[in-house]
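# Understanding the architecture of this molecule
As a plain string of letters, each chain reads:
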Amino acid sequence: MHMKNLLSGIAAMPLLMSATLAGAADAPAARTVLVIHGGAGVERANLTAEDEKEARAALEAALRAGHAELAAGKPALDAVSAAIVVLEDSPQFNAGRGAVFTHDGKNELDAAIMDGATRRAGAIAGVQRIKNPIALARAVMEKSPHVMLTGAGAETFAQSIGMALVDPSYFRIEKRWQQLQKALKEEQDKKAHTDIETAKHFGTVGAVALDAKGHLAAGTSTGGMTNKRWGRVGDSPIIGAGTYANASCAVSGTGWGEFYIRAVAAHDICARVEYKGQSVREAAEAVIDKEIPAAGGDGGAIALDRNGHFALPFNTEGMYRGWIGADGVPHVAIYKEEKLAEPAGG
Ligand code: ASP
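What counts, and where the lines are drawn
- Residues numbered from 1 in each chain as written.
- Predicted model: local features only at pLDDT ≥ 70, side-chain atom pairs only at ≥ 80, totals over all residues.
- Heavy atoms only, no water.
- Near = heavy atom within 4 Å.
- Polar contact = N/O pair within 3.5 Å; in protein donor to acceptor, adjacent residues only side chain to side chain.
- Areas by Shrake-Rupley, 256 points an atom, 1.4 Å probe, with all protein chains shown as cover.
- 1 Å grid on protein atoms, 1.4 Å probe; cavity = no way out; pocket = protein on both sides within 12 Å on 5 of 7 lines; lining within 4 Å.
- Points joined across faces, edges and corners; volume = space filled by probe spheres on them.
- Nonpolar A, V, L, I, M, F, W, Y, C, P; charged D, E, K, R; others polar.
- Pairing = 2+ DSSP bridges.
- Helix = DSSP H or I, 4+ residues; strand = E, 2+ residues; numbered from the N terminus.
- Contact = heavy atoms within 4.5 Å.
- Axes fitted to C-alpha atoms, helices over the stretch in contact; angles between N-to-C directions.
- Parallel < 35°, antiparallel > 145°, perpendicular 65-115°, else oblique.

## A few points about the site of the ligand
- Near the ligand you find 13 residues, and of these Thr204, Arg232, Asp235, Thr254 and Gly255 are the closest.
- Take Asp235: an N or O atom from its side chain is 2.6 Å from a nitrogen atom of the ligand.
- One of the side-chain N or O atoms of Thr254 is found 2.8 Å from an oxygen atom in the ligand.
- Summarising the interface, the protein chains cover 100% of the accessible area of the ligand, which totals 270 Å² for the free molecule.

## So, the layout of surface pockets
- Empty space within the second largest pocket amounts to approximately 150 Å³.
- Here the lining of the second largest pocket is built from residues that sort into five nonpolar, two polar and four charged.

## Digging into the sheet that holds strand β7 (residues 243-245)
- With antiparallel pairing, four strands are arranged side by side in an open sheet as β7-β8-β9-β10. In the strand order of this sheet, the two ends are held by β7 and β10 (310-311), each with one partner.
- Here two bridges tie strand β9 (residues 299-305) to β10, and the two strands are oriented antiparallel to one another. Note that in β10 the partner of Ala303 across the bridge is Ala311.

## Remarks on the environment of Ala82
- Turning to its location among the elements, Ala82 is positioned in helix α2 (residues 76-89).
- Sequence separation between Ala82 and Glu69 is 13 residues; the distance between their C-alpha atoms is 7.7 Å.
- Not counting the four nearest positions on each side in its chain, Ala82 is found in contact with Ala65, Gly66 and Glu69.

## Topic: the packing of helix α3 (residues 133-143) against helix α4 (residues 151-160)
- The interhelical angle for the contact between α3 and α4, taken along N-to-C directions, is 75°, at an axis separation of 11 Å. Our classification of the angle between α3 and α4 gives roughly perpendicular. Along its contact with α3, which presents Leu136, Ala139, Val140 and Lys143, the element α4 presents Ala154, Phe157 and Ala158.

What follows is the structure, given as structure tokens:
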């Protein structure tokens, strides 16, 4: 059954550019910001108080990790990677440890990262032994001549650059295993119309960041969708679908990947900003709240522009989400009705 297409009440939030006090000759430094999501598949009924607490703590830790990079003057790419590694390591999200299971009972992971300043990108799909898929996606971008590597080849590349492989059992979490069993049973009982409709546990993680030089980056990491088959790859590792960044806009999506691929969702949001002059809020809401639901899909996204304005629309029960500005104070929310603090002076 499709989830209702509910509009999120999350507004785009302006951040001002701040000039350095050092003198007129200095280029103005952008006020840094990092925005993250942990997936738009919040199912309140299935979330225990303990899970919720852990998820919030992981979101805050991810924001702090990314902020530390930005505060040290590091590029947006470093902030995106650092934040996503924390979320991949948390079993609360469908990425890295805690990824959902395929129909065959495996964890197959996808990830992508993109540098807005150079438009370089790296992606991996269907890996089963990479502890932090975002790190391998970044290595594909920086250490290979390619943009996307898949499956066994991606793992061979990882070994060739000295990245250790983990046993596939590392990713296994009992809750995810039970979600697969439930999906398989529903499928057998023919309660579901399609295999993948049985369980849309969107828990993909993503981050977008603006660094002090005014450069943007985006990254996304996921286990895909419960009960996926035949080497299915979702939108997350596809540049332009689930992940995209250029000089003026950065986006990471979460949701029913097939619809994000067809809509080329992440790129469409940035194209609207660039060619139509829409704000990131208008652009992201048009795609997430209108186009995707109109086509029958659901999910959310985070979008950030070069001036630090950002938006976090979603059309599900909730989206694990948060942001952190130059002051280093993390702000997180999970449920739809929960208000996310807005930047001061915005
Ligand atoms: N977009 C992901 C996919 O389709 C799922 C998610 O967002 O959790 O693979």
